[in-house]
Amino acid sequence: MVKGKVKVVVTRKLPDSIETRMMELFDVTLNLDDTPMSKAQLIEAVKHADVLVPTVTDDIDSAVLAQAGENLRLIANYGTGVDHIDLSSARQRAITLTNTPDVLTEDTADMTMALILAVPRRVVEGERVLREGKWKGWSPTWMLGNRIHGKRLGIVGMGRIGRAVARRAKGFGLSVHYHNRRRVHGDIETELEATYWESLDQMLARMDIISVNCPHTPATYHLLSARRLKLLRPSAYLVNTARGEVIDENALIRLLKAGDIAGAGLDVFENEPAINPKFLSLDNVTLLPHMGSATVEGRIDMGEKVLINIKTFIDGHTPPDRVIGDVF
C-alpha cells in the first residue's frame, strides 16, 4: 500500500467526525445513506478495496472473501465481535483483521444493568400501561415486581464486560457468581466478591438472575440450550446483551410463555434484524433493538480505534487491536 492512496470502503454510516477524518487520510468510499450492503455489494467492495471497514450487520463469509482482490490486506472491523467474519478464510488469504475492544465495555455493562433492573421491576410493562391509558391509580398489590438487592446474579462469561457488570451489580447489593471457560485471577474475584462455578449447569440452577456476557463462537452457539434453560428456576430472570445465538430462542419462548421462568431482557437476537414474532406477544420479556453499545461517545471511540488500526497497518506496524488465533 502507498500511504495517502489507500482505498478504504466503509460499509455503514459512521459518526461525522470519523468520516471527515477518513476522507482526509484515505481514498474512502462511504455509505452515506446507511443502507446495509447486499452480498453482491460486499463482493464488489472486497474486489477493489485495500481496507474494508465492516460492521456486525455485514456477513463477510467465505463466499465474499473468495472474491477478494489481491490488494485487500486489512479488514478493520467497526465493533468488538467478529463472529460475522470468516476468520479461517481471512487467514488463508493473509488478510489482517482488527476490531475495537475495550471502548464498548462500560456502555454495554450499563445496558446490561439497565435490563437487570428493568425486567424484575417490570419497568417497560408499567410504561406501556401508562401510554395505553390503562392506569387506574396506585394500588398496594398491583404491578408487583421483585427486589434485586440480595439476589444472586450468575454471569456467563467473565471477560471485560462481565467484570464491568459485576462491579455494577455489587453496588446494587447483588451476590456475584460467574462461569467462565477459565477462572479469573484471584485478585479479581476478591475485588468483585465473585464466586466461581466450574459447572455452568449447577450455576444456572441456583441463580436468581442470569446475565449472558460471552461472545458468540462455535463453542457458545446455543450454550444456553433447551436443556440448560430448563435448569433455571421459575422465579429466575435471564438477560442477554451479548449475541442472540448464545441462547436457544425457541426454547426460551416456550419457557416464558409457560411461566417456567419469570422473565427475560434481550438486546440481541438470533436472526437480527428479524425478531421472532412470538416474543412480541409476551409481557414478561423486555426487548431492545441491539442498543447495548449505542452511545455517542462509544461510537466515536470505535471509529478512533478503526483509524488507529488502519494508520498503524499502513505504516508497516502491527495494529494494536489485531485479532490473532483465539479471538477472545
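Each chain has its residues counted from 1, following the order in which its sequence is written. Thresholds applied to this predicted model are a pLDDT of at least 70 for local features of residues and 80 or more for the giving and counting of side-chain atom pairs; totals over whole chains, interfaces and linings are not thresholded and use all residues. By convention in this description, side-chain values take in all heavy atoms of the structure and omit both hydrogens and water.

**Some remarks on the domain arrangement of the protein chain**
Domain ranges listed in this record stem from an automatic or a database domain assignment. Looking at the protein chain, the domain boundaries give domain 1 (7–99 + 295–315) and domain 2 (104–287). Domain 1 and domain 2 are separated by 32 Å when their C-alpha centres are compared. Only heavy atoms matter for contacts: two residues are in contact if any of them lie within 4.5 Å across the pair. With 7 residues of domain 1 in contact, the opposing surface of domain 2 contributes 5 residues. Contact between domain 1 and domain 2 buries roughly 530 Å² in total, counting both sides, with carbon and sulfur atoms accounting for 50%. Sorting the residues of domain 1 by area buried against domain 2 places Thr-80, Asp-83 and Thr-295 first, and these three jointly supply 63% of that buried surface. By definition here, a salt bridge exists when the distance from a side-chain nitrogen of Lys or Arg to a carboxyl oxygen of Asp or Glu is within 4 Å. The tally of links from domain 1 across to domain 2 stands at 1 salt bridge. In this structure, the salt-bridge partner of Arg-243 is Asp-83, at a minimum N-O distance of 3.3 Å. Here a polar contact is recorded for every N or O atom pair within 3.5 Å, except that within protein the pair must consist of a potential hydrogen donor and a potential acceptor, and residues adjacent in sequence are included only if both atoms are side-chain atoms. Across the contact surface, domain 1 and domain 2 share 3 residue pairs in polar contact (both at pLDDT 80 or more). Here the residues of the side of domain 1 that touches domain 2 are counted per class, giving 2 nonpolar, 4 polar and 1 charged. Joining two parts hides part of their accessible area as seen by a 1.4 Å probe, and the buried area is that hidden amount summed over both. Three classes are used, and their members are as follows: Ala, Val, Leu, Ile, Met, Phe, Trp, Tyr, Cys and Pro are nonpolar, Asp, Glu, Lys and Arg are charged, and the others, Gly among them, are polar.

**Details of the sheet that holds strand S1 (residues 7–10)**
Strand order in this open sheet of 5 strands is S2-S1-S3-S4-S5, and the pairing throughout is parallel. Edge positions in the sheet fall to strand S2 (27–29) and strand S5 (96–98), since each of these pairs with one other strand and no more. In this sheet, neighbouring strand axes are inclined to one another by 15° on average, regardless of whether the strands run parallel or antiparallel. At least two DSSP bridges between two strands are needed for those strands to be called paired. Helix numbering and strand numbering both begin at the N terminus, where a helix is a DSSP run of H or I of at least 4 residues and a strand a DSSP run of E of at least 2. Across 3 bridges, the pairing between strand S4 (residues 74–76) and S5 is parallel. In the sheet register, Ala-76 faces S5, and the bridge partner there is Thr-98. Every axis in this analysis is a line fitted to C-alpha atoms, fitted for helices over the stretch in contact. Angles between the N-to-C directions lie between 0 and 180 degrees.

**So, the side chain of Glu-270**
Structurally, Glu-270 can be placed in the loop between strand S11 (263–266) and helix H12 (277–280). Of the buried charged residues, Glu-270 lacks a salt bridge, with Arg-254 as the closest side chain of opposite charge at 9.9 Å. A polar side-chain atom of Glu-270 sits 3.1 Å from a polar atom in the side chain of His-222. Excluding its chain neighbours within four sequence positions, the residues that come into contact with Glu-270 are Tyr-221, His-222, Gly-244, Glu-245, Ile-247, Asp-248 and Glu-249. When a residue's accessible area, from a 1.4 Å probe over protein chains only, is under 20% of the maximum for its type it is buried; when over 50% it is exposed; and in between it is partly exposed. This count recognises Lys and Arg as positive and Asp and Glu as negative, with His and chain-terminal groups excluded.

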